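Observations on chain architecture
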Amino acid sequence: MDAEDDGLFEGLRLAAVAVVFAVATAAIVIGAGQAILPQHAKASAEDASPTLLVRASR
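Our subject in this report is the structure included herewith. Numbers given to residues run from 1 along each chain, matching the order in which its sequence is written. pLDDT decides what is reported in this predicted model: residues at 70 or higher carry local features, side-chain atom pairs at 80 or more are listed and counted, and totals for whole chains, interfaces and linings draw on all residues regardless. Side-chain metrics in this entry use all non-hydrogen atoms of the structure; hydrogen atoms and water are not considered.

Side note on the overall build of the protein
Only DSSP runs of H or I reaching four residues or more are called helices, and only runs of E reaching two or more are called strands; each is numbered from the N terminus. In terms of helices and strands, the protein carries 1 helix and 0 strands. Partly exposed describes any residue whose relative accessible area lies between the buried limit of under 20% and the exposed limit of over 50%, with all areas from a 1.4 Å probe on protein chains only and scaled to the type maximum. Looking at the protein as a whole, 0% of its 58 residues are labelled buried. Accessible surface is estimated by sampling points in the Shrake-Rupley manner with a 1.4 Å probe; for residues, cover comes only from the protein chains shown. Roughly 5,600 Å² of accessible area belongs to the protein as shown, and the carbon and sulfur atoms make up 67% of that amount.

Some points on the pattern of salt bridges
Every case where a carboxyl oxygen of Asp or Glu lies within 4 Å of a side-chain nitrogen of Lys or Arg is listed as a salt bridge. Overall, the coordinates contain 1 salt bridge when judged by the stated rule. Among the ionic pairs, Arg13 bridges to Glu10, the shortest N-O distance being 2.9 Å. Highlighted residues: Arg13 and Glu10, both in helix α1 (residues 3-47), separated by 3 residues, approximately one helical turn. Assessed through its relative accessible area of 32%, Glu10 is described here as partly exposed.

Remarks on a negative patch on the surface
A cluster of acidic residues, Asp2, Glu4, Asp5 and Asp6, forms a negative patch at the surface. For Glu4, a relative accessible area of 66% gives the class exposed. Each patch is built from residues that are more than 30% exposed by relative accessible area and take part in no salt bridge. Like charges join if they lie within 9 Å; nonpolar side chains (Val, Leu, Ile, Met, Phe, Trp, Tyr) join within 5 Å. Under the convention used here, Asp and Glu are negative, Lys and Arg are positive, and both His and the chain ends fall outside the count. The atoms used to mark charge sites are NZ of Lys, CZ of Arg, CG of Asp and CD of Glu.

Here's what the structure looks like:
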């Protein structure tokens with residue numbers, strides 16, 4: 001292997017590490033959001049007044 005191959009291998013390895021960490025971070029954030037959001041949505045739905053949908057006339 002020459003220096004160019006070493007650089008390519010190192011770049012691919014760093015890209016793979018970045019992808020793994022991005023997926024792990026997204027999974028953690030989504031999991032935390034799902035754990036927090038249903039409680040918040042339920043509480044705000046109980047406090048919210050009923051909504052009225054109006055159809056626009058032309």
